[in-house]
Amino acid sequence: MRQTLVENGGVPAPLLWTLAVIAGLSVANLYYNQPLLNRICVDLQVSEFAANLIPMTTQIGYALGLLFIIPLGDLYKRRTIIVTNFVLLTVATCCMALSPTLHYVLAASLVTGICSVTPQIFIPLVSQFSLPENKARNVGLMLSGLLTGILGSRVVSGVVGEYFGWRTMYYVAAVIMFLCIFVVLRLLPDMPSNFRGSYGGLMKSLVRLCLRNATLRLVSVRAGLCFGSFLALWACLAFKLSGEPFHAGNNVIGMLGLCGIAGALTASVVGSYVRRYGVRLFNYVGASLMISAWIFMYFLQDSYVGYIVGIILMDIGMQCVQISNQTCALSLDQHASNRINTIFMTIYFVGGAAGTLLAGTFWHAFSWAGVVFTGIFLAGISLVITIFARK
């Protein structure tokens, strides 16, 4: 039976875990394509650069969804918004599987990205209704669910793509999204809205929030740059490992995603210690780990060891950066939690899309060295910002 949540009154553990699982299943739609890009190239007869437009378009769609859909969580019933997104995701993933040309794939990818924003409704929801002493820990748990979904998506899509074809993965995704509709309808409780007014007023309040809050801009840009570095790896890893000297299949490429389980395990721990050690320290550690990961993957680029170590360091570093900055952002004004999360995650995924585009461009021009340069450059800028910032 559904219940009404009370602000700062606590979120029941079963509901918290259910939201974490659904968040992981939803965000997985953004990343199914990454191990499959080489297969899509062959099937649709397009270049590697053209195939790289697929993850970039998905990330752009996600940023658009964050900007225009997530704020609605402060204005309308969140359960209605979530169910609508899952219905559209079911249709979009079916269309992805049936797409005859790249143009149709890009259109379906855009809609998939826009409608995969559900986890970014869950995160501020959990932050708003958790007990104050449990907010960072519970946000960390939600992000653990997200990262597990990201990792699982790469592994599953790699295996399914290798043995059953890349289109099958999207049929499976459509079934999963369809089932999520019924889980949300049954379990998600009623929640009061946080904003009184029109949608236009809501969107204007986004601009005001961003302009008047330097801390929000700082943490968003800093995290977005690191996310661009993170996605630069996955934008080109399939191309790198499918060539000399590996000739790896999609299943092997997807399995490397399991190395990032260290990041998933790190997320809840980071969430527990942010308040004790501060946001600044975690940003130093996170950006430094990501730069170290790129160095490993450059000097050991002809060995799986380099990628295994690199992915582990990359995922741990990314969690340090994201959780610390997102927790800081959400603590700024809990009555505008959806709008603050919108600003943070929009900038975050714009950074991811930029990293994907830059990596694809530099891969085309300079091969793996160009991708490594992109990753170090973006994480390095984030590190420099932290050095000169006060938080």
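Residues numbered from 1 in each chain as written. Predicted model: local features only at pLDDT ≥ 70, side-chain atom pairs only at ≥ 80, totals over all residues. Heavy atoms only, no water.

### Considerations on the overall build of the chain
Point 1. Counting its regular elements, the chain contains 16 helices and 0 strands.
Point 2. In terms of overall size, the chain behaves like a compact globule, its C-alpha atoms giving a radius of gyration of 20 Å where 391 residues would be expected to give roughly 21 Å.
Point 3. In terms of overall dimensions, the chain has C-alpha extents of about 55 × 45 × 35 Å along its principal axes.
Point 4. Taken over 391 residues, the chain has a buried fraction of 61%.
Point 5. Counting only contacts in the chain whose residues sit at least 6 apart along the sequence, the fraction spanning at least 24 positions is 84%.
Point 6. In the chain, which carries 23 positive and 11 negative side-chain charges, the distance between the mean positions of the two groups comes to 14 Å. (Helix = DSSP H or I, 4+ residues; strand = E, 2+ residues; numbered from the N terminus. Rg over C-alpha atoms; globule rule 2.2 N^0.38 Å. Buried < 20%, exposed > 50% of the residue type's maximum accessible area, 1.4 Å probe, protein only. Contact = heavy atoms within 4.5 Å. Lys, Arg positive; Asp, Glu negative; His and termini not counted. Charge placed at Lys NZ, Arg CZ, Asp CG, Glu CD.)

### Things to note about the packing of aromatic side chains
Point 1. Within the structure shown, the criterion is met by 18 aromatic pairs.
Point 2. With centroids separated by 6.2 Å and ring planes inclined at 85°, the aromatic side chains of Tyr32 and Tyr170 adopt a geometry described as edge-to-face. Placement of the pair is Tyr32 in the loop between helix 1 (13-27) and helix 2 (37-44) and Tyr170 in helix 9 (residues 166-187), with a sequence separation of 138 residues.
Point 3. Plain terms: the ring middles of Phe227 and Phe349 are 4.8 Å apart, the flat faces sit at 65° to each other, and that makes the pair edge-to-face. Remark: Phe349 occurs in helix 16 (residues 337-388) and Phe227 occurs in helix 11 (residues 214-242); sequence separation between them is 122 residues. Just as Phe227 is buried, Phe349 falls in that class too.
Point 4. Members of the aromatic cluster, joined through ring pairs, are Tyr62, Phe227, Phe230, Phe344, Tyr348 and Phe349. (Phe/Tyr/Trp six-rings, centres within 6.5 Å; stacked < 30°, edge-to-face > 60°.)

### Some words on the side chain of Ser382
Point 1. As for its position among the elements, Ser382 is in helix 16.
Point 2. Within the structure, the side chain of Ser382 is placed 2.9 Å from the backbone oxygen of Arg222, a separation counted as a polar contact.
Point 3. Non-local contacts of Ser382, meaning those with residues more than four positions away in its chain, are made with Arg222, Leu225 and Cys226. (Polar contact = N/O pair within 3.5 Å; in protein donor to acceptor, adjacent residues only side chain to side chain.)

### Things to note about helix 11
Point 1. Taking 1.5 Å as the rise per residue, helix 11 with 29 residues should run 42 Å; its terminal C-alpha atoms sit 44 Å apart, in good agreement.
Point 2. The largest bend in helix 11 is about 45°, located at Cys236.
Point 3. The buried fraction of helix 11 amounts to 25 of the 29 residues, a majority that puts the element mostly inside the structure.
Point 4. Two or three places before Thr215, at the start of helix 11, stands the capping residue Asn213, its side-chain oxygen 3.3 Å from that residue's backbone nitrogen. (Expected span 1.5 Å × (residues − 1). Bend = angle between axes of the 7 residues up to and from the residue.)

### Remarks on the packing of helix 15 (residues 304-330) against helix 16
Point 1. Running from amino to carboxyl end, helix 15 crosses helix 16 at an angle of 155°, the nearest separation of the two axes being 10 Å. By the angle class used here, helix 15 and helix 16 are roughly antiparallel. Crossing angle aside, the handedness with which helix 15 passes helix 16 is right-handed. Residues Tyr307, Met318, Gln322, Asn325, Gln326, Ala329 and Leu330 of helix 15 pack against Ser337, Ile340, Asn341, Phe344, Met345, Tyr348 and Trp368 of helix 16.
Point 2. The residue inventory of the contact of helix 15 with helix 16, partitioned by class, reads 9 nonpolar, 5 polar and no charged. (Axes fitted to C-alpha atoms, helices over the stretch in contact; angles between N-to-C directions. Parallel < 35°, antiparallel > 145°, perpendicular 65-115°, else oblique. Left-handed = near helix turned anticlockwise from the far one by under 90°. Nonpolar A, V, L, I, M, F, W, Y, C, P; charged D, E, K, R; others polar.)

### Looking at the environment of Phe246
Point 1. Relative to the helices and strands, Phe246 resides in the loop between helix 11 and helix 12 (250-255).
Point 2. Each C-alpha atom of the pair Phe246 and Thr93 lies 31 Å from the other, and the pair is 153 residues apart in sequence.
Point 3. Once residues within four sequence positions are removed from consideration, Phe246 is found in contact with Lys240, Leu241, Gln301, Asp302, Ser303, Tyr304 and Tyr307.

### Here we look at unusual backbone geometry
Point 1. A cis amide bond, omega -5°, links Glu244 with the succeeding residue Pro245.
Point 2. With respect to the secondary-structure elements, Pro245 resides in the loop between helix 11 and helix 12.
Point 3. A positive phi angle is found at Gln45, which is not glycine, with a value near 55°.
Point 4. Looking at the element boundaries, Gln45 is found in the loop between helix 2 and helix 3 (48-51).

### Focus on a nonpolar patch on the surface
Point 1. On the surface, Ile295, Phe296, Tyr298, Phe299, Leu300 and Val305 cluster together into a nonpolar patch covering about 560 Å² of accessible area.
Point 2. Considering every element that reaches the nonpolar patch, the biggest residue donor is helix 14 (residues 279-299), with 4 residues.
Point 3. If you trace the backbone, Phe299 turns up in helix 14. (Patch = residues over 30% accessible without salt bridge, like charges linked within 9 Å, V, L, I, M, F, W, Y side chains within 5 Å. Areas by Shrake-Rupley, 256 points an atom, 1.4 Å probe, with all protein chains shown as cover. Salt bridge = Lys/Arg side-chain N within 4 Å of Asp/Glu carboxyl O.)

### Thoughts on the side chain of Thr118
Point 1. Examined against the element boundaries, Thr118 turns out to sit in the loop between helix 6 (102-115) and helix 7 (119-129).
Point 2. By relative accessible area, Thr118 is classed as buried at 0%.
Point 3. Those residues within four positions of Thr118 in sequence are excluded, and the remaining contacts are Ser26, Ile82, Asn85 and Phe86.

### Topic: the nonpolar core
Point 1. In this structure, Phe86, Met142, Leu233, Leu237, Trp294, Phe349 and Trp368 are the most contacted members of the largest nonpolar core, which totals 122 residues.
Point 2. Broken down by element, this core gets its largest block of residues, 16 residues, from helix 11.
Point 3. Ignoring sequence-local partners within four residues, the contact set of Trp294 consists of Ser229, Ala232, Leu233, Met314, Trp368, Val371, Val372, Gly375 and Ile376. (Core = buried A, V, L, I, M, F, W, Y, C linked by side-chain atoms within 4.5 Å.)

### Quick word on helix 4 (residues 53-68)
Point 1. With 16 residues, helix 4 should reach 22 Å at 1.5 Å per residue; the first-to-last C-alpha distance of 22 Å fits that figure.
Point 2. By the burial criterion, the buried members of helix 4 are Ile54, Pro55, Met56, Thr57, Thr58, Gln59, Gly61, Tyr62, Ala63, Gly65 and Leu66.

### With respect to the confidence of the model for the chain
Point 1. Taken residue by residue, the chain gives an average pLDDT of 87. The fraction at 70 or more is 94%.
Point 2. Mean pLDDT across the secondary structure elements of the chain bottoms out at helix 13 (residues 261-277), with 69, and peaks at helix 6, with 95. (pLDDT = per-residue confidence, 0-100.)

### A short note on the state of the cysteines
Point 1. One pass over the structure, following the stated rule, counts 0 disulfides.
Point 2. Note on Cys41: no disulfide assigned, nearest cysteine sulfur contributed by Cys236 at a separation of 11 Å.
Point 3. Using a relative accessible area of 9% as the deciding quantity, one classes Cys41 as buried.
Point 4. Here Cys180 is not cross-linked by a disulfide; its sulfur's nearest cysteine counterpart is in Cys115, at 14 Å. (Disulfide = S-S within 2.5 Å.)

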